[in-house]
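# Coordinate analysis (summary)
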Amino acid sequence: MEDNNQTLVTFLAEVKPTQLFWALQDKKSEDWVVLDSLNYEETEVMPLWSTAELAEQHCTEEWKDYTPSAITLAEWLEFWVDDLIEDNIVIGINWLGEDNDLEIDLPEFTQSLVDIETLTSNN
């Protein structure tokens, strides 16, 4: 579990200065990568990365038609959260495509983002 906590801490530290994180979006359909969760039954996971470079590494094979697309913290809080909660989506943090990738429930992830946004505005 400590590795998972470190994964989240690293993700948040990398997102804090830019207020951006990255997901994969299909160039033509504008669909986002969402796949079956490894940890939760009948749940899908949306992988997110803290840098475009990390996201780009996954634009191969079945995701070769996808490209890293930035999501701002403000956009996430305003537009994304409600839809993802409705769809019962969990979040994959700095996804590597391995069995032990961190999946975090949406409210916990979003609260972590709010916390870094608060820290940023206080500095």
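Worth saying up front: this structure is predicted, and the values here are computed from it rather than measured.

Let us now look at the overall build of the protein. On a plain count of helices and strands, the protein comes out with 4 helices and 6 strands. Secondary structure elements in the protein, listed N-terminal to C-terminal, are α-β-β-β-α-β-α-β-β-α. Computed over C-alpha atoms, the radius of gyration of the protein comes to 14 Å, within 12% of the 14 Å expected from 2.2 N^0.38 for 123 residues, which places it in the range of a compact globule. In terms of overall dimensions, the protein has C-alpha extents of about 40 × 30 × 25 Å along its principal axes. Sorting the 123 residues of the protein into buried and exposed places 41% on the buried side. A separation of at least 24 residues holds for 72% of the contacts in the protein among residues at least 6 apart in sequence.

As a further point, take the side chain of Q19. With respect to the helices and strands, the residue Q19 is situated in the loop between helix 1 (2–15) and strand 1 (20–26). A distance of 2.8 Å separates the side chain of Q19 from the backbone oxygen of K16, its partner in a polar contact.

On the surface, D36, E44, D82, D83, E86 and D87 cluster together to form a negatively charged patch. A total of 3 residues in the negative patch trace back to one element, the largest contributor, which is helix 3 (residues 73–86). Looking at the secondary structure, you find E86 in helix 3.

Next up on the list: the pairing of strand 1. Of all 7 residues making up strand 1, 6 are buried, and the element is well covered by its neighbours. Across 7 bridges, the pairing between strand 1 and strand 4 (residues 66–72) is antiparallel. Across the sheet, residue Q25 finds its bridge partner in strand 4, namely T67.

Once that is clear, we can look at the nonpolar core. When a protein is soluble and globular, its nonpolar side chains tend to lie buried together. Grouped together as the largest cluster of nonpolar side chains are 23 residues, with contacts concentrated most on F21, L48, W76, I91 and F109. Where this core is concerned, the elements lending two or more residues are helix 1, strand 1, strand 3 (44–48), helix 3, strand 5 (89–93), strand 6 (102–105) and helix 4 (106–122). Ranked by the residues each element gives to this core, the list is headed by helix 3, at 5 residues. One finds W22, L24, A55 and C59 within the second-largest nonpolar core, a separate group that totals 11 residues.

Basis of the calculations
- Residues numbered from 1 in each chain as written.
- Predicted model: local features only at pLDDT ≥ 70, side-chain atom pairs only at ≥ 80, totals over all residues.
- Heavy atoms only, no water.
- Helix = DSSP H or I, 4+ residues; strand = E, 2+ residues; numbered from the N terminus.
- Rg over C-alpha atoms; globule rule 2.2 N^0.38 Å.
- Buried < 20%, exposed > 50% of the residue type's maximum accessible area, 1.4 Å probe, protein only.
- Contact = heavy atoms within 4.5 Å.
- Polar contact = N/O pair within 3.5 Å; in protein donor to acceptor, adjacent residues only side chain to side chain.
- Patch = residues over 30% accessible without salt bridge, like charges linked within 9 Å, V, L, I, M, F, W, Y side chains within 5 Å.
- Areas by Shrake-Rupley, 256 points an atom, 1.4 Å probe, with all protein chains shown as cover.
- Salt bridge = Lys/Arg side-chain N within 4 Å of Asp/Glu carboxyl O.
- Lys, Arg positive; Asp, Glu negative; His and termini not counted.
- Charge placed at Lys NZ, Arg CZ, Asp CG, Glu CD.
- Pairing = 2+ DSSP bridges.
- Core = buried A, V, L, I, M, F, W, Y, C linked by side-chain atoms within 4.5 Å.

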